[in-house]
Amino acid sequence: MDKQGMNIPISLHKIDMQKTNGDCNASIDDADSVSPVKVQTLSELHKLQQKKSAPSTPKSSLSPYSSQQQIISEEDKRRHQMLSISASLASLTRETGPQIIHGDPEKARGQPLKSLISTPPSPSVSDSSLKLTHVLYNLSPPELYEQALKYEKGSFITSSGALATLSGAKTGRSPKDKRVVKEETSQEDLWWGSGSPNIEMDEHTFLVNRERAVDYLNSLDKVFVNDQFLNWDTENRLKVRIISARAYHSLFMHNMCIRPSAEELENFGTPDFTIYNAGQFPCNRYTHYMTSSTSIDLNLKRREMVILGTQYAGEMKKGLFTVMHYLMPKRGILSLHSGCNMGKQGDVTLFFGLSGTGKTTLSTDHQRELIGDDEHCWSHNGVSNIEGGCYAKCIDLSKEKEADIWNAIKFGAVLENVVFDEHTREVDYSDKSVTENTRASYPIEFIPNARIPCVGPHPKNIVLLACDAFGVLPPVSRLTLAQTMYHFISGYTALVAGTEDGIKEPRATFSACFGAAFIMLHPTKYASMLAEKMKQHGTTAWLVNTGWSGGSYGVGKRIKLAYTRSIIDAIHNGSLLQANYSETSIFGLNVPDKVEGVPAEILHPENMWANKDEYAETLLKLARLFKNNFEKFADYKIGNDSTLTQQILAAGPQY
């Protein structure tokens, strides 16, 4: 027994627990021995794992010479932020906005909860005003991944790191369920009636749907709020707020809108436009103007959009694009549904084209910087991308065909409605089990040659793409200003088998301004703005046919992509302007006599047809289709003056 009364076996030596006092010959290697973590619980340990984000606003931004200026505390900044969000979520009939708590309710479980804002007593108090709503504000992609994987069934991490998710029953937009409020501030400007995508609703019905959406969002334990920007032209950008119930929607809009810096977020203030996405909750089909359980409602006066009955994220993207098609022209800025790239000499090209024309393929050029793939503005400053990301089709995607898109589908990207191996999580992009409209959303900086910021000078060239399956349009032609307006308003391409089910022979399709579903004003208004800007900046327009030659679909052959790329290269290097031109019959198109890298005989379509009579007959058939389509635009007048419309009509096919 030792002197402390402990029994120590004779065969064992007592271990000396005292420090070695710097004895380098100690037998125990303690090179990785450190003091234990100074916490009492696992919860405290987990808190040490994550540090608070440092304030981003530099102190130098506060003037040292102003004695009146006070540094706002982080708590006050957060309170002002939450007050703004509470105001957005306020019912219009019963009470002020809900009581707001910042952060995830799961992290706050078991802790006393206190709203950052106080709600004054109200005689019309409701349950939604008594409960606390947790706001997940501008979460990062990793945080949104965690939310989706934990709470949203059908969310998985794929082998590439992208988040795969499902959009529910709706796997595409619902244009027949989209409504625009007819109200006094905008109704005279908007295009209504035959051919217009704007289906009217009254303001009362909008408020009924808004109340339904707000009530649903306020009934949830938590909502996601994104404060972001539209338009890389900072002089003309729009502040947008998206309030949604799903992490998937929040991450999608994080990718698609322009992401503010932390300093910009602190000074965000009141948004210019707000989306209430209650897509998991249906509209009331007995409500006036409703034709299904889905409704996408736009109120330009209130600067608000309500989504009910569809979880398809593309409704938010295209809803905001529709808003830009109204607000930007009011400022003298042209909004465009186009791709855009820029050469090393600063020469910018805009690409317009419907599905299947090759717009994405041709606007993606590793020798040129990508300004954007889908939505742009043309102002007195030049061109600018409206968005902060890309929304690419994924069906039959391969690394060989679309390497940039393939490589962009990584951590932070959203994959909608794709099918993947349950074990390896490798995506099968050819599988259409859920839908053919599989999509990927990712920040534009995921594209290696993206130009950041996404702005450029005034365009030097405009390319209108058409996939003419009738085989009668030339591979390339130079357009006059009047012809540019005519073909821009027409927005022609042709559907063939593989583009849409049930197609046996070519079928002409027209989409005004190459994006009829999103325009708000009469197409001639956008076309006249386009011609005016082209004239002012010396821009040249080209009609490029990526479709058939030597006969219609089923007889002729698709024009080789290599030939089309040679044509685009000749447009970019300016050599096509030096060619000699001849005019075609009926359409009156100016066709060059030669293009480097393209056989001269295919430049004139009639040369490639074995039966000249069939060619003439098919050409006349297409001309009639153009003319019939244009009838709905022929009544446009500026005041009582129809001169512009007559000039545009004269630039169309004559027979």
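The rules behind these values
- Residues numbered from 1 in each chain as written.
- Predicted model: local features only at pLDDT ≥ 70, side-chain atom pairs only at ≥ 80, totals over all residues.
- Heavy atoms only, no water.
- Core = buried A, V, L, I, M, F, W, Y, C linked by side-chain atoms within 4.5 Å.
- Buried < 20%, exposed > 50% of the residue type's maximum accessible area, 1.4 Å probe, protein only.
- Helix = DSSP H or I, 4+ residues; strand = E, 2+ residues; numbered from the N terminus.
- Pairing = 2+ DSSP bridges.
- Contact = heavy atoms within 4.5 Å.
- Axes fitted to C-alpha atoms, helices over the stretch in contact; angles between N-to-C directions.
- Left-handed = near helix turned anticlockwise from the far one by under 90°.
- Nonpolar A, V, L, I, M, F, W, Y, C, P; charged D, E, K, R; others polar.
- Parallel < 35°, antiparallel > 145°, perpendicular 65-115°, else oblique.
- 1 Å grid on protein atoms, 1.4 Å probe; cavity = no way out; pocket = protein on both sides within 12 Å on 5 of 7 lines; lining within 4 Å.
- Points joined across faces, edges and corners; volume = space filled by probe spheres on them.

Caption draft 1: Seen up close, the nonpolar core. Formed by 127 residues in total, the largest nonpolar core has its most connected members in Trp378, Ile409, Leu415, Tyr442, Ile462 and Phe488. Counting residues per element, this core draws most heavily on helix 8 (residues 314–330), at eight residues. Listed in part, the 25 residues of the second largest apolar core include Leu217, Tyr276, Ala278 and Leu308.

Caption draft 2: Fine view of the sheet that holds strand 2 (residues 132–137). Strand order in the open sheet formed by nine strands is 1-2-7-8-9-11-10-5-6, with mixed pairing between adjacent strands. In the strand order of this sheet, the two ends are held by strand 1 (99–102) and strand 6 (200–201), each with one partner. Across five bridges, strand 10 (residues 295–299) lies against strand 11 (residues 304–308) in antiparallel orientation. Opposite leucine 298, over in strand 11, you have methionine 305 as the bridge partner. Lying on the sheet, helix 5 (residues 203–219) is in contact with strand 2, strand 5 (178–181), strand 6, strand 7 (222–230), strand 8 (238–244), strand 9 (273–278), strand 10 and strand 11; it crosses strand 11 at an angle near 65°.

Caption draft 3: A look at the packing of helix 11 (residues 481–490) against helix 12 (residues 523–537). Two numbers describe how helix 11 lies on helix 12: the axes approach to 9 Å, and their chain directions differ by 145°. For the element pair helix 11 and helix 12, the recorded crossing hand is right-handed. Across from Leu481, Thr484, Met485, Phe488 and Ile489 in helix 11, the residues of helix 12 making contact are Pro523, Thr524, Tyr526, Ala527, Ser528, Leu530, Ala531, Met534 and Lys535. Looking at the contact of helix 11 with helix 12 residue by residue, the class counts come to ten nonpolar, three polar and one charged.

Caption draft 4: Broad picture of the packing of helix 11 against helix 15 (residues 643–650). Axis separation between helix 11 and helix 15 bottoms out at 8 Å; the angle between their running directions is 85°. On the basis of the axis angle, helix 11 is roughly perpendicular to helix 15. Facing Ala482, Met485, Tyr486 and Ile489 of helix 11, the residues of helix 15 in contact are Leu644, Gln647 and Ile648. Looking at side-chain class alone, the contact of helix 11 with helix 15 contains six nonpolar, one polar and no charged residues.

Caption draft 5: Structural view of the environment of serine 88. Mapped onto the fold, serine 88 is located in helix 2 (residues 74–88). For serine 88, a relative accessible area of 9% translates into the label buried. Among all residues touching serine 88, those that are not within four sequence positions of it are Arg210, Arg241, Ile243 and Tyr276.

Caption draft 6: Spatial organisation of empty space enclosed by the protein. Under the defined criterion, the tally for this structure stands at five cavities of 30 Å³ or more. In this model, the largest cavity occupies a volume close to 100 Å³. Together, 14 residues line the largest cavity, and Lys178, Ile296, Glu315, Lys318 and Gly319 are the ones closest to its centre. Mapped by element, the contributors of at least two residues to the lining of the largest cavity are strand 5, strand 10 and helix 8. Its residues placed into classes, the lining of the largest cavity shows six nonpolar, two polar and six charged.

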